[in-house]
Amino acid sequence: MPRKVAKGEKLTSVEQLNFTPHTEVFPSPDDWRDQVIYQVLIDRFDDAKDRPPYNPKRSKRGRDPAEGQRFQGGKLRGITRRLDYIQGLGCTTIWISPPLKNRLDDEASYHGYGAQDFLSIDPRFGTLADLQKLVRDAHRRGMYVIMDIVIDHTGDVWGYPDDEDIVYAGGKRFDFGFWRDGKVWPKELQDPEAFKRLGRMSDVADAEGDEATDGDFEALKVLDLTQPPVLDAIIKIYKYWIAQTDVDGFRIDAMRHVRPEPAADFCHAIREYATRIGKKNFMMVGEVPGADRMIKYVGNNTPLNSQGKRSTYPLLDAVLDFALAKMLGKILCGAQTSKQLRDRYQMLHDYYRDYGRVGRYLVTFLENHDMGAGNKKRLLHHDPDPRLSVLGVGYLLTNLGIPCIYYGMEQGFDGGGEDDWFVRECMFGGKWGAFDTTGMQFFNPKHPTYRAIAKINAIRAQTPALRYGRQYFREISGDDEHFGYPTGTKYTLAYSRILDTDEALIAMNLDREPRNDRITVDGLVSPAKTVMTDLFGTVKDTRVQEAKDGRAFVRIPLPARSMAILVKRGSARDI
């Protein structure tokens, strides 16, 4: 049993941790595909202060670029007071950035990914009580909270001799130099042997093999999780945070840089603990860029290593779908055809035996804090047309996967630049507001993009096929006779979600001009003469027709850069 800790006493060791839940445990959702995630960076979302709303015509422009790299003042209680705003958008789960204490002398650690004290909340974000209240208030609304965590590295808590910048050198281990002020907590990690000490990766994005799993993450120092005491400490740390906060899942940072064997042990331990206390579907989603890497981490297929032998990989519940994000923005902007998109879904169909359930494994997104539709750019940075945001989120909400909306997309944020802070604007304004402004808040529930997303979310919530259905891309035609998959970059992107006897047809005009395409539907599920209704309200009811080759199709006249969501008339529930 852990030693009882006095109120206000600093936790210094995992031996002090209590794994008994501090409150009645909130049960997991039955199926995470029913959820829509809203991602926030604590420091950039809301500082719990009242500020004037942004006005595109009158708000002054001009901000100091250096502010993007500094703490802006966002608070955990700021997220709590915006639960109405998030829920009004139709989002049911909040993904928060890591809230644990970073070095207080490091202004650039506003993102939270460089923990110095794994047992404390960063005081710049608030207190443990603030985090507990956020989770508790979300649960009272039927919402969930996913906490971003780091398991394999700390902040820059120590230096090599002479504070030298040492680059990975083929696995050579270097001497420990010195602890920086504050060291690292818990004390079980205050041993130089707890760290790999192999120098930093020469290029984080391109590193492969041992360098990718053993090299330091820039200045962040990599722990040696192959040592049982180190892994045991990390497991206990995150069991403690579940017990203390009642969070519903973890987003695990930089999972591809963690050796798979200890990562697997971590996931098993957390899953067993969560199950034992009553969270039987605790979500663990990993950051694993690359479609080829991704499939090793999810589903029931045991992957093969480079020698063709069965290998150990952590069984995650889902991974962030970087492969989709990388291509979807380009497709929407007309910079890439849809063939690569179709090929990717065919790969998923061929790899997974349970294709109809593949959506459980994918957290889909278009923008996040690391990358947007391009490198360090939000979707609208490429093209300022606000209709693209509706199409982009509309795709996420109607395709296979658990959709994730990055804060600000619903307000048309268009940041972009050479560094990641350009896509980390402040929703509350601060000194690093969106659209080159300062001091203006952007929580506008009347914004056209916010309202359109809320409407699609309502449709998704009432249409099971959009959450659980199989997905098929559809051939189109301009003359009722010659059908084929679209080519070029100006076309109607169409796909169906089919669940049992229900078909939901999604049609998106990616052209800047109106289109009037014929779109294939499933003749068995939606036979000729079936009347289909657009739940989104873009087009009038249309009747399924039969082409000369016997296929069933509908004619969909779509305005430029618009979408429709069609189902059989009478099959839709009240929206």
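It should be emphasised that the depicted structure is a prediction, and the values quoted were computed from it without experimental measurement.

A. How the structure looks around the overall build of the chain. Counting secondary structure elements, the chain contains 14 helices and 22 strands. Relative to a compact globule of 575 residues, whose C-alpha radius of gyration would be 25 Å, the chain shows 24 Å and is just as compact. If one aligns the C-alpha atoms of the chain with their principal axes, the spans along those axes are about 75 × 60 × 45 Å. For the chain, buried positions account for 59% of its 575 residues. Summing over all exposed atoms, the chain offers an accessible surface of approximately 23000 Å²; the carbon and sulfur share of this is 48%. Placing the 83 positive and 82 negative side-chain charges of the chain at their respective mean positions leaves the two points 5 Å apart.

B. Highlighting the sheet that holds strand β8 (residues 249–252). With respect to topology, 8 strands assemble into a closed barrel ordered β1-β2-β5-β8-β9-β10-β11-β12, the strand pairing being parallel. On average, each strand axis in the sheet is inclined to that of its neighbour by 30°, with strand direction left out of account. As paired elements, β8 and strand β9 (residues 283–286) share 4 bridges and run parallel to each other. In the sheet register, Ile252 faces β9, and the bridge partner there is Gly286.

C. A look at the sheet that holds strand β20 (residues 545–546). Overall, antiparallel pairing links the 4 strands, which are arranged β14-β17-β21-β20 in an open sheet. Every other strand in the sheet has two partners, leaving β14 (476–477) and β20 as the edge strands with one partner each. In terms of strand pairing, β14 meets strand β17 (residues 515–521) through 2 bridges, oriented antiparallel. From the neighbouring strand, Ser477 faces β17, where its bridge partner is Arg518.

D. View of unusual backbone geometry. Between Trp185 and Pro186 the backbone carries a cis peptide bond, its omega angle lying at 15°. Mapped onto the secondary structure, Pro186 falls in the loop between β7 (178–179) and α5 (209–214). Not every positive phi belongs to a glycine, and Lys183 is a case in point at roughly 50°. If you trace the backbone, Lys183 turns up in the loop between β7 and α5. In this structure Lys183 comes out as partly exposed when scored by relative accessible area, which is 35%.

E. The arrangement of the layout of surface pockets in detail. In this model, the largest pocket occupies a volume close to 1600 Å³. Elements with a contribution of two residues or more to the lining of the largest pocket: α8 (291–294), α9 (322–332) and α10 (339–351).

F. How the structure looks around the environment of Leu324. Relative to the elements of secondary structure, Leu324 occurs in helix α9. On the basis of relative accessibility, which here comes to 0%, the residue Leu324 falls in the buried class. Note: C-alpha distance between Leu324 and Gln340 (16 residues apart in sequence) is 9.7 Å. Among residues more than four places away in sequence, those in contact with Leu324 are Leu341, Arg344, Tyr345, Thr364, Tyr395, Leu396 and Asn399.

G. Summary view of helix α4 (residues 128–140). Spanning 13 residues, α4 covers 18 Å between terminal C-alpha atoms, matching the ideal 18 Å at 1.5 Å per step. Those residues of α4 not exposed but buried are Asp130, Leu131, Gln132, Leu134, Val135, Asp137, Ala138 and His139. Buried-residue contacts for α4 involve α2 (76–80), α3 (83–88), β2 (93–96), β4 (115–121), β5 (144–149) and α6 (228–245). Phi turns positive, to about 80°, at Gly142, one or two residues after α4.

H. The nonpolar core, seen in detail. Counting residues in each nonpolar core, the largest one holds 139 residues, and the members touching the most others are Tyr38, Tyr238, Phe250, Ile252, Phe266, Leu316 and Tyr395. The element that contributes the greatest number of residues to this core is α6, accounting for 11 residues. Once residues lying within four places of it in the same chain are set aside, the contact partners of Phe266 are Ile149, Ile151, Leu231, Ile234, Ile235, Tyr238 and Ile252. If you look at the next biggest cluster of nonpolar residues, it comprises 17 residues, including Tyr144, Leu320, Phe322 and Met371.

I. Local environment of the confidence of the model for the chain. When the pLDDT values of the chain are averaged, the result is 94; 96% of them are 70 or greater. Here α8 is the element of the chain with the lowest mean pLDDT, 72, and β5 is the one with the highest, 99.

J. View of helix α7 (residues 260–277). Given a rise of 1.5 Å per residue, 18 residues ought to cover 26 Å, and the 26 Å separating the end C-alpha atoms of α7 matches this to within 8%. Of the residues making up α7, those classed as buried are Pro260, Pro262, Ala263, Ala264, Phe266, Cys267, Ile270, Tyr273, Ala274 and Ile277. Here the buried face of α7 lies against β5, α6, β8 and β9. One or two steps after α7, the chain reaches Gly278, where phi turns positive at roughly 115°.

K. The pattern of salt bridges, seen in detail. Applying the stated rule across the entire model yields 53 salt bridges. One salt bridge in this structure joins Asp511 and Arg515, with 3.5 Å as the shortest N-O distance. Its relative accessible area of 10% is what places Asp511 among the buried residues. You can call Arg515 partly exposed: its relative accessible area is 22%. Among the ionic contacts, a cluster of salt bridges with common partners joins Arg103, Asp105, Asp156, Asp163, Arg180 and Lys221.

L. Layout of the side chain of Gln39. In this fold, Gln39 is placed in strand β1 (residues 37–40). Given a relative accessible area of 1%, Gln39 falls into the buried group. Only 2.9 Å separates the side chain of Gln39 from the side chain of His369, close enough to count as a polar contact.

M. Focus on the packing of aromatic side chains. A full pass over the atoms with the stated rule returns 35 aromatic pairs. Judged by centre distance (6.1 Å) and plane angle (70°), the rings of Trp179 and Phe195 are edge-to-face. Placement of the pair is Trp179 in strand β7 and Phe195 in the loop between β7 and α5, with a sequence separation of 16 residues. Judged by centre distance (5.6 Å) and plane angle (70°), the rings of Tyr238 and Phe250 are edge-to-face. Here Tyr238 is found in helix α6, whereas its partner Phe250 is found in strand β8, with 12 residues between them in sequence. Counting every residue linked through ring pairs, the aromatic cluster contains Tyr38, Phe45, Tyr85, Tyr406, Tyr407, Phe443 and Tyr450. Seen from the ring of Trp432, Arg63 lies directly overhead, with NZ or CZ sitting 3.7 Å from the centre.

Rules used throughout
- Residues numbered from 1 in each chain as written.
- Predicted model: local features only at pLDDT ≥ 70, side-chain atom pairs only at ≥ 80, totals over all residues.
- Heavy atoms only, no water.
- Helix = DSSP H or I, 4+ residues; strand = E, 2+ residues; numbered from the N terminus.
- Rg over C-alpha atoms; globule rule 2.2 N^0.38 Å.
- Buried < 20%, exposed > 50% of the residue type's maximum accessible area, 1.4 Å probe, protein only.
- Areas by Shrake-Rupley, 256 points an atom, 1.4 Å probe, with all protein chains shown as cover.
- Lys, Arg positive; Asp, Glu negative; His and termini not counted.
- Charge placed at Lys NZ, Arg CZ, Asp CG, Glu CD.
- Pairing = 2+ DSSP bridges.
- Axes fitted to C-alpha atoms, helices over the stretch in contact; angles between N-to-C directions.
- 1 Å grid on protein atoms, 1.4 Å probe; cavity = no way out; pocket = protein on both sides within 12 Å on 5 of 7 lines; lining within 4 Å.
- Points joined across faces, edges and corners; volume = space filled by probe spheres on them.
- Contact = heavy atoms within 4.5 Å.
- Expected span 1.5 Å × (residues − 1).
- Core = buried A, V, L, I, M, F, W, Y, C linked by side-chain atoms within 4.5 Å.
- pLDDT = per-residue confidence, 0-100.
- Salt bridge = Lys/Arg side-chain N within 4 Å of Asp/Glu carboxyl O.
- Polar contact = N/O pair within 3.5 Å; in protein donor to acceptor, adjacent residues only side chain to side chain.
- Phe/Tyr/Trp six-rings, centres within 6.5 Å; stacked < 30°, edge-to-face > 60°.
- Lys NZ or Arg CZ within 6 Å of the ring centre and 35° of its normal.

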